[in-house]
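# Report on the structure
For reference, the chains in residue letters:
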Amino acid sequence: MASKVTARSKRSQVQTDYAYHHSRCVHSVQQTAARKSSSYSASQVQAQATEAMAEPAYTIPVFRQRTADEGTEEYQRVSTNVGKGLTVIQDELHRMRMATKAKVESLALQREVKEMMYRRVDTSEEFPRMPDFLVALRPHTVWEKTPVKLFCTVQGTPRPVVQWYKGGVPVDPLSAPGKYKIENKYGVHGLIISRCVVSDTAEYSAVATNPHGSATSKATVTVKRPAGTGESCLLGLVPHLTEIHASKLEVTLLDRFSVSFGVEGGSISLACTMVVVPDLPNVPPLAQWYRDDKLLTAGRRAEMSVGGGAARLTLPHLAKDDEGLYTLRIFTKDGTAEHSAYLFVSDAPPPAPGAPGAPVSAKAFDVNADYVLVAWKPPNAVNEAAVSGFFVDRCEAGSDTWVQCNDAPVKVCKYPVHGLKEGRSYRFRVRAVNNAGVSRPSRGTDQVTALDPAESERLQGSEEGVPSAPGQVVATRNTKSSVFVQWDPPSHPKNLVGYYIDARVAGTKDWFPCNHKPFKHSRFVVHGLIPGETYTFRVQAVNVFGLSDESQESSPISVEPALSTPSAPFGITMLSCDGSSMTLAWKSPAHCGGSKINAYYIDKRNADTLLWKEVNLTGVTERLCSIDNLTEGVFYEFKIQAANMAGVGVPSAPSAPMKCEAWTMDEPGPAYDLSFSEVRGQSLVILWKAPVYTGASAVTGYVVEMAKKGSSEFVTLNQEAVSHRYLQVTGLKEGETYVFRVRSVNANGVGKPSQASEPVCAKPLPGTQELVAGVDEETGDIFLSLEACEISETSKFVWSKNYRAIGDCPRVAVTTKGRTSRLTFTNPDKDDLGRYSVVVTDTDGVSASHTLTEDALNTMLELSYAIQHPVVPLKHGLNYEVLEKGHVRFWLQAVKLSPSVSYRVIVNDKEVHSGEGIKISHDVASGVIQMTLDHFTRANEGTYTVQIHDGKAKTQSSLVLVGDVFKAALKEAEFQRKEHIRKQGPHFSEYLYFTVTEDCTVMLACKVANVKKETSFHWYKEDDEIVPETPVNVMSGAVALPIPMFSRKDQGVFKAVLSDDRGKDTSLFDISGNVFDDIINAIAKIAGASASELVLQCTPEGIRLQCYMNYYTEEMKTIWKHRESKIASSEKMRIGGTAEMAWMQICDPSDKEKGSYSIEISDGVQTHTRAFDLSGQAYTDAYEEYLRLKAAAFAEKNRGRVVGGLPDVVTIMEEKSLSLTCTVFGDPTPEVSWFKNEQEVACNEHTKVTFEGGKFASLVINKVTPDDSGKYSINVRNKYGGEFVEITVSVYRQGEKLPEPKLGQPKAPAAAAIATPPPPRSPATPSKTPTPAPSRMSVKSPTPASTPVPKSPTPTPRSPAPKSPTPTPSRGVKSPTPPRFMKSPTPPRK
């Protein structure tokens, strides 16, 4: 593989075994010149396979061969005494030749158009026809101030009349003279718009009309305003031509589609951009697309378009059937232009994990009236389980329902589908099956109709079984991301249908498929590989019965480009000139050919001659060369060739003529060798070299300028010159392409710009990695590392600090392994701070940088020290805990311990070991080391230390247990010991605590354990035993004491005592202070949640607002508010409550008390609020009720009534005197009347009635007789009312038996008693606290509402009959009360 480069005659004899890599452009008419070849037969086979895969073929390099005869012939072609340079003459001749050619072709096209139109007119039929556009209007985009011509061709009989419209408005040429021109020649109608302006942008339409109808054609004209002078397009005059004219176009392909990768179910577009001359909008080039040399047609599965300078093929629904070699063929004037590339389609994710991929190439054969034979190709199963069979589905035309045809999987790749209906159309698909599940379905077959058998070939194999394994597999280098694989066909093909190729990365076990559709040939180019990675390949043969065994694996091969000669250098620029010599620089070839460039050869010539002369006999290794022995004032041209071990590459294009003239300017010359590093989406770093010519003074700085590609407007990036030769450019737009140039600055000014850089796109390479700063986990070395996303065999990692190559430096060491390079600092300190960068040579610009800051370095130094001086990391330092029996456990936990760990436990400077009362152990899994002391006493006070050694790492942790800390630990240990002893008998597992039930009953509860039936339980409060209503059941494990209606009186110390023959346990609960407040808050929480809305209740004293709840006590935190102001209890505003409600009473209300009232019940966390609006009608109704009740109370207080003194029954013996005396009250003084048997008693000698002092009333009967027996009553009355009191008098004779007393019954009531309405029912149990009499109005917030109840009729005494006694009301019956009242029942409590 060695190359040899020698001077002159030996320079053309470079020996190599590698072929030069060329791209091919296929022309069907013109054939390329024959190339010399001396490669091996294997290279010939590889070239054929590469052509099939549309990849560059291997050819023998063409070396530079120069002889004296050839130089003489070239020299004789040069004319002498040429007035101007031959290059200028050649360019002018070429321009004139092309202009003449374009003119001739344009005239030929116009002539052919006219002939076609004459021919169409002559051959047109004279039958009546409505208008029809043969050539429709075409849209146009033109520059401002240029003309545009719209043309269309219309036919019809009789000849149609065409009217032009702009935006629906007829075009009138007379309205704007000179603006519009309408033409009509031989059926071709045209509208010409001269000097277009932006306002001419509109939709134009031509309407053709004749007696048989009309037709319309529309097109859009867009007028743009250019930045400079626009060019008018005169091609709008050309109507649509026949396809024959596409072959008269010159087509040059530009950007071409590359090898592409798709996924089943997705979509992909393949496109080529092109230049078409002449570019006729109505005559696009004729393009054809092929897959595996089969012509594709446009349809649902393939969308094709040509125009706008591009040909495009879109596959909207990818399937593995779409995989293959795609070729675009465009017909040109010189034949055809072609481009091919492979499309790979991989399996979509399977329906179930591990399920196989979908079968491919399903087709229907042997179409018969009742059955169809369906055949397919099996999928490539690499990592999935083997395919066990296939299911075939059918779908009838017009339906979307698929029906499975076979119940059991079929083993071979063909299946006859029976049961079809004759004349029906069907489509078929196939699914593969393995033990993991069923695959996705294949692409459906074309639609077939079940008819009688046609002549078709049956898919029958003469031999059954899978093919034998392919033979030897050989892999060779192809490109930086592909490998050429070829193999020997199987010895027993058995109707072979193709091959599957698999690959794996060397050193791994996971194979991956390279193709997903069987490939027919025995050579294949595997694309999409990682540059620089090493792969191994294998092949399987496929037929209808399945896949063969795998072939033997190929030898491992690294993905590298095939060795070839380098491409041409470029960017030749002059850096300095002294009048007799020039210093030149140039840029490296874009492609080095797979090996290092070891020489450059320079040729020169006088710009006025064609004879090139070699400058250097020996190759130049640097891209900088000084050329001597030049003539001052003469223009020279130069070209350069690069050489590597494969040979000398093609020469560069001749440089621009350079005048040999001494530079004398004071400003510096141009910088050179502009390069880029760290190209990312929004930034890049540009680097350059200092100018060779410095001017009158030293260079002090540099200015960088940037412009977008295609623009000549450069923008200065740094306003102040930078002294270093690099600049980081930020703020770029991702995907945009830029060019740069650099100017040098000295004391005399800014020098001339450098040659513009190559365009660079602000886009990172796929898989780009950044520099990583880290610390080696084993050695503790601080390093910077980069894993390159691509690499070649000749690549090197070039490290720089502040963009100056580091080279051999004792402070750092560079190591490279595979795709990773590491820069390690030997003894890092502040001198190592700075920006480090690395560039990978012979790649597409793989590079990265990292700025090492002081903070980052200090952090890594700490980590490095920790690694180099390892310690056992601890999760938790030494600590202690007191266990259940009073044992004390000392423990620590390491992050990780190895089985070989050793440790020491030292207490007060003495090592201790496991023994009596001491247990020391460790657990490797958890990293815990512990020591347990069974008896922890005062002697254990001191310092505890654990020392650990684990391999090279060690650590120790100490715990000082003295003073108060030790006392607390000792106290806890003693408590745990006592607790252990306590729990040997009956004990409380949970001491007394309180809960509050929903009815606000406080429960003192506890839980007990280790009890038996004989265990007793007693409750005490302040040493007084409490006997609960329900006997205590200790066997339940839980005991509770209810405290209903909890209040301050329940404060005190409660005690629960649990005892039996094994011992006794006691629990105390002090209800006072904070505990009492907590209980009240718990009650308030439940009561507040249950609180009803405020209810209005009127009383004789005033208006009362009441809030009912589950329980109320005055200890609860309740606040009454009026208009958001707190109300304090007073004579005017009284606040109180009962067990079932809280109330607030407004005494003697007035208008000042109107407004909103609310009550707030706080439980310490939440406040429960209820409100009532006492205003408006609510207040009016309440106030009227209050006045009525107040008057009724006053009347009740001052009415006439008997205070006391009268018995109910009197028994008296005959002839005795009876005196009935009582005390009466009334204000004013009441009137008193006595009745006997409902007849008023008259005052006489026998009966005497007296009323003394307005207080004492008496009835005296002297010498009673039996006739005096009866029912007596007294009626006491004033203006507010009165009452009747009855007395039964029985008179018996002497010697008779004393009669039993009987209450007299009136014959008829004197008046119907008015019953006082009962007070409203209370929603809860009546309280012991006296409650004021409720009013007879109950109004619920917020709107008072009183329902009037019909008044009880006022009883009217019956008019006494003549001589009839007045009826006496029964005792205790009140006189009627005249004032009206309203009954207001109290609403039930919520």
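Residues numbered from 1 in each chain as written. Predicted model: local features only at pLDDT ≥ 70, side-chain atom pairs only at ≥ 80, totals over all residues. Heavy atoms only, no water.

With that settled, the discussion passes to the overall build of the chain. Across its full length, the chain carries seven helices and 94 strands. Scored against the burial criterion, the 1390 residues of the chain give a buried share of 44%. A separation of at least 24 residues holds for 67% of the contacts in the chain among residues at least 6 apart in sequence. (Helix = DSSP H or I, 4+ residues; strand = E, 2+ residues; numbered from the N terminus. Buried < 20%, exposed > 50% of the residue type's maximum accessible area, 1.4 Å probe, protein only. Contact = heavy atoms within 4.5 Å.)

A word on the pattern of salt bridges. Side chains that differ in sign of charge can pair as their charged atoms come close. All chains considered together, the criterion is met by 46 salt bridges. Put simply, Arg 1048 and Glu 1115 hold a salt bridge, and the shortest N to O gap is 3.8 Å. Separated by 67 residues along the polypeptide, Arg 1048 in the loop between β73 (1038-1043) and β74 (1052-1060) and Glu 1115 in the loop between β77 (1102-1108) and β78 (1117-1122) bring together distant segments of the chain. Arg 1048 gets classed as partly exposed once you look at its relative accessible area, which sits at 45%. The closest approach of N and O atoms between Glu 1153 and Lys 1132, which form a salt bridge, is 3.9 Å. Placement of the pair is Glu 1153 in the loop between β81 (1141-1147) and β82 (1155-1162) and Lys 1132 in the loop between β79 (1125-1126) and β80 (1133-1137), with a sequence separation of 21 residues. A residue is classified by how much of its surface remains accessible, and Lys 1132, at 32% relative accessible area, is partly exposed. Put simply, Lys 166, Lys 179 and Asp 200 are held in one network by salt bridges that share partners. (Salt bridge = Lys/Arg side-chain N within 4 Å of Asp/Glu carboxyl O.)

Another point: unusual backbone geometry. With omega at -5°, the peptide bond leading from Thr 157 into Pro 158 counts as cis. In this structure, Pro 158 sits in the loop between β5 (148-157) and β6 (161-166). For the peptide bond that leads from Asp 1227 to Pro 1228, omega is 5°, which places it in the cis range. With respect to the helices and strands, the residue Pro 1228 is situated in the loop between β86 (1218-1225) and β87 (1231-1236). Of note in this structure, Asp 292 is not a glycine but carries a positive phi near 50°. With respect to the helices and strands, the residue Asp 292 is situated in the loop between β15 (287-291) and β16 (294-295). Relative accessible area serves as the criterion here: at 36%, Asp 292 is assigned to the partly exposed category. The phi dihedral of Asn 802 is positive, around 55°, even though this residue is not glycine. Looking at where Asn 802 falls in the secondary structure, it is placed in the loop between β55 (797-801) and β56 (804-805). On the basis of relative accessibility, which here comes to 32%, the residue Asn 802 falls in the partly exposed class.

On to the sheet that holds strand β37 (residues 570-577). In space, the three strands of this open sheet follow the order β37-β38-β41, with antiparallel pairing throughout. Strands with a single pairing partner mark the edges of an open sheet, and in this sheet they are β37 and β41 (624-627). When the angles between neighbouring strand axes are averaged without regard to direction, this sheet yields 25°. With five bridges joining them, β37 and strand β38 (residues 582-587) adopt antiparallel strand pairing. The residue of β38 that forms the bridge with Cys 577 is Met 582. (Pairing = 2+ DSSP bridges. Axes fitted to C-alpha atoms, helices over the stretch in contact; angles between N-to-C directions.)

Turning our eyes to something else, we now look at the sheet that holds strand β59 (residues 834-840). Reading across the sheet, the four strands line up as β56-β55-β59-β60 and stay open at both edges, with antiparallel pairing between neighbours. Edge positions in the sheet fall to β56 and β60 (847-852), since each of these pairs with one other strand and no more. The pairing of β55 with β59 spans five bridges and is antiparallel. Directly across from Lys 801, in β59, lies its bridge partner Tyr 836.

A few words now on the packing of aromatic side chains. Scanning all chains against the criterion turns up 30 aromatic pairs. Ring geometry for Trp 586 versus Tyr 600: centroids 5.5 Å apart, planes at 70°, classification edge-to-face. Here Tyr 600 lies in strand β39 (residues 599-606) and Trp 586 lies in strand β38, a separation of 14 residues in the sequence. For the pair formed by Trp 586 and Tyr 600, the shared burial category is buried. Seen from the ring of Phe 714, Arg 741 lies directly overhead, with NZ or CZ sitting 4.0 Å from the centre. Over the aromatic face of Trp 1143 sits the side chain of Arg 1104, whose NZ or CZ is 4.3 Å from the ring centroid. (Phe/Tyr/Trp six-rings, centres within 6.5 Å; stacked < 30°, edge-to-face > 60°. Lys NZ or Arg CZ within 6 Å of the ring centre and 35° of its normal.)

Assignment of secondary structure puts Phe 975 in helix α5 (residues 963-982). With 89 residues separating them in the primary sequence, Phe 975 and Gly 886 have C-alpha atoms 7.2 Å apart.

In this section: the environment of Ala 506. Locating Ala 506 in the fold gives a position in the loop between β31 (498-505) and β32 (512-513). Taking the C-alpha atoms as reference points, Ala 506 and Ser 558, 52 residues apart in sequence, are found 9.3 Å from one another. The contacts of Ala 506, once residues within four sequence positions are left out, are Thr 534 and Tyr 535.

This brings us to the side chain of His 1168. Here His 1168 lies in strand β83 (residues 1167-1174). When neighbours within four sequence positions are excluded, His 1168 is seen to be in contact with Ala 1084, Lys 1085, Gly 1088, Ala 1089, Ile 1159, Glu 1160, Ile 1161 and Asp 1163.

Turning our eyes to something else, we now look at the pairing of strand β62 (residues 888-894). Among the seven residues in β62, seven count as buried, and that is most of the element. Where burial is concerned, the two faces of β62 agree: the one with Val 888, Phe 890, Leu 892 and Ala 894 and the one with Arg 889, Trp 891 and Gln 893 are both buried. Inspection of the sheet shows strand β61 (residues 874-882) paired to β62 by six bridges, in the antiparallel sense. Of the residues in β62, the one forming a bridge with Glu 881 is Arg 889.

A separate point is the confidence of the model for the chain. Averaged over the chain, the pLDDT score is 82; the fraction of residues at 70 or greater is 83%. Of all secondary-structure elements in the chain, the lowest mean pLDDT belongs to strand β1 (residues 20-22), at 35, while strand β50 (residues 737-746) reaches the highest, 95. In the model, residues 120-125 has pLDDT below 50 throughout and makes four contacts with residues more than four positions away in sequence or in other chains. Note that pLDDT drops below 50 for residues 1303-1390; the model gives that stretch 181 contacts with residues more than four away or on any other chain. (pLDDT = per-residue confidence, 0-100.)

A few words now on a nonpolar patch on the surface. Together, Leu 254, Val 275 and Val 277 make up a nonpolar patch on the protein surface, roughly 230 Å² of accessible area in all. Judged by relative accessible area, Val 277 falls into the partly exposed class, the value being 42%. (Patch = residues over 30% accessible without salt bridge, like charges linked within 9 Å, V, L, I, M, F, W, Y side chains within 5 Å. Areas by Shrake-Rupley, 256 points an atom, 1.4 Å probe, with all protein chains shown as cover.)

It is worth spelling out the environment of Gln 1097 at this point. With respect to the helices and strands, the residue Gln 1097 is situated in strand β76 (residues 1095-1099). For the pair formed by Gln 1097 and Tyr 1186, sequence separation is 89 residues and the distance between their alpha carbons is 9.2 Å.

If you look at the biggest cluster of nonpolar residues, it comprises 54 residues, and the most contacted ones within it are Phe 1017, Phe 1046, Ile 1071, Ile 1083, Met 1109 and Met 1116. Per element, the largest residue contribution to this core is seven residues, and it comes from helix α6 (residues 1073-1090). In contact with Phe 1017, other than residues within four places in its own chain, are Phe 988, Cys 1006, Val 1008, Val 1032, Val 1034, Val 1039, Ala 1056, Val 1057 and Leu 1058. (Core = buried A, V, L, I, M, F, W, Y, C linked by side-chain atoms within 4.5 Å.)

On to helix α7 (residues 1177-1198). In a regular helix each residue adds 1.5 Å, so 22 residues correspond to 32 Å; α7 covers 32 Å between its end C-alpha atoms and thus fits that length. Those residues of α7 not exposed but buried are Ala 1178, Tyr 1179, Asp 1181, Ala 1182, Glu 1185, Tyr 1186, Arg 1188, Leu 1189, Ala 1192, Ala 1195 and Asn 1198. Structurally, α7 contributes buried residues whose contacts are with β76, β77, β83 and β91 (1270-1278). (Expected span 1.5 Å × (residues − 1).)

Below, the discussion takes up helix α4 (residues 854-868). With 15 residues, α4 should cover 21 Å at 1.5 Å per step; its first-to-last C-alpha distance of 20 Å lies within 8% of that length. For α4, the complete set of buried residues consists of Leu 857, Met 860, Ser 864 and Ile 867. Take α4 and look down its axis: the buried residues cluster within an arc of 80°, on one side only. Turned more than 90 degrees away from the buried face of α4, the exposed residues are Asp 855, Thr 859, Glu 862 and Tyr 865. The inward-facing, buried residues of α4 contact β53 (772-775), β54 (782-787) and β60. (Arc of directions from axis to C-beta.)

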